[in-house]
Amino acid sequence: MPRLFAGGVSGLSVGLCLVILSHPAGATGPFQAPAVLPDAPGKAVVERICLGCHGAEVIVPARTLPVWRETLELMKGFGAVATDEEWTTVHTYVFSNLAALNVNRASADDFAALFLLDASAATSVVAHREKSGGFRTIDDLKKAPGLDAARVDAAKDRLSF
Ligand code: HEC
């Protein structure tokens, strides 16, 4: 086993990091391009707080918004350190740029987090969904009052119906 971590790393975190390194998803080919976090406000804060223990390739794969909520709590438990303000930035960045969402099951809170809406706009999106019998396509979603079409397009690979 080559030496992957130099100095100052506890046995516990080396053990946990080895769990990541031995994960099958990490072994899909002889070369993997380094994963990059999307450019968006808050990226620098996320890089500073989140890349101390593992790389961006652990962070980038799509997870649903509820799973992301749990994952960020888990990272706190593992020892990720940030001020309250930085945590807010991390939550906003992760939810709006990385999280996946089923738009027919999402709560108003989920819409607010993914599309950066205020509570009343998010509530109207859900009300529109209930009234119209659900979203079938990206275009249905764009017609929901309060949802910005450009934001919907930017998130479309992460949305399911
Ligand atoms: C103190 C070290 C540490 C920091 C800082 C840290 N993580 Fe982690 N992270 C870990 C460890 C250890 C694991 C592996 C745990 C496991 O395999 O379940 C992990 C795993 C993950 C995973 C994969 C979890 C899964 O279940 O698939 C994600 C996503 C993740 N981290 C995101 C983040 C984000 C976002 C941040 C910044 C807020 C962050 N991490 C900061 C230690 C850290």
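Parameters and conventions
Residues numbered from 1 in each chain as written. Predicted model: local features only at pLDDT ≥ 70, side-chain atom pairs only at ≥ 80, totals over all residues. Core = buried A, V, L, I, M, F, W, Y, C linked by C-beta atoms within 7 Å. Buried ≥ 20, exposed ≤ 12 C-beta atoms within 10 Å, placed from the backbone. Helix = DSSP H or I, 4+ residues; strand = E, 2+ residues; numbered from the N terminus. Domains from an automatic or database assignment. Contact = placed C-beta atoms within 7 Å. pLDDT = per-residue confidence, 0-100. Expected span 1.5 Å × (residues − 1). Pairing = 2+ DSSP bridges.

A closer look at the nonpolar core
Most often, soluble globular proteins keep nonpolar side chains buried together rather than apart.
In step 1: Membership of the largest hydrophobic core comes to 25 residues, with the highest contact counts inside it found for Leu65, Val94, Phe95, Ala99, Leu101, Phe111 and Leu114.
In step 2: Elements with a contribution of two residues or more to this core: helix 2 (43-50), helix 4 (65-78), helix 5 (84-97), strand 2 (99-102), helix 6 (108-115) and helix 7 (119-132).
In step 3: For this core, the domains that each give at least three residues are domain 1 (42-93) and domain 2 (103-161).
In step 4: If we ignore the near neighbours within four places in the chain, the residues touching valine 94 are Trp68, Leu72 and Ala99.

Describing the confidence of the model for the chain
In step 1: For the chain, the mean per-residue pLDDT works out to 87, and 79% of the residues sit at or above 70.
In step 2: Below pLDDT 50 for its whole length, residues 1-9 participates in three contacts with residues either more than four positions away or in separate chains.

Some details on helix 4
In step 1: Under the 1.5 Å per step criterion, the end-to-end length of helix 4 is 20 Å for 14 residues, consistent within 8% with the ideal 20 Å.
In step 2: Backbone geometry just downstream of helix 4 places glycine 79 in the positive-phi region, at approximately 115°.

Some words on the pairing of strand 2
The side chains of a regular strand alternate, first on one face of the sheet and then on the other.
In step 1: Of the two faces of strand 2, the one holding Ala99 and Leu101 is buried and the one holding Ala100 and Asn102 is not buried anywhere.
In step 2: Pairing of strand 1 (residues 63-64) with strand 2, which is carried by two bridges, proceeds in the parallel orientation. Within strand 2, the position partnered with threonine 64 by the bridge is alanine 100.
In step 3: In the sheet, strand 2 pairs with strand 3 (residues 159-160) via two bridges, with the strands oriented parallel. Residue leucine 101 lies in a different strand from strand 3, and its bridge partner there is leucine 159.

Considering the environment of proline 66
In step 1: Inspection of the secondary structure puts proline 66 in helix 4.
In step 2: Exposure remark for proline 66: the 15 C-beta atoms within 10 Å place this residue in the partly exposed category.

Structural notes on the environment of glycine 42
In step 1: Position of glycine 42 relative to the elements: it lies in the loop between helix 1 (11-21) and helix 2.
In step 2: In sequence terms glycine 42 and threonine 92 are 50 residues apart; their C-alpha atoms lie 8.0 Å from each other.
In step 3: Not counting residues up to four positions away in its chain, the partners in contact with glycine 42 are Thr89, Thr92 and Tyr93.

Looking at unusual backbone geometry
In step 1: One non-glycine residue, leucine 116, adopts positive backbone phi at about 55°.
In step 2: When you line up the elements, leucine 116 lands in the loop between helix 6 and helix 7.
In step 3: Leucine 116 gets classed as partly exposed once you count the C-beta atoms within 10 Å, which come to 15.

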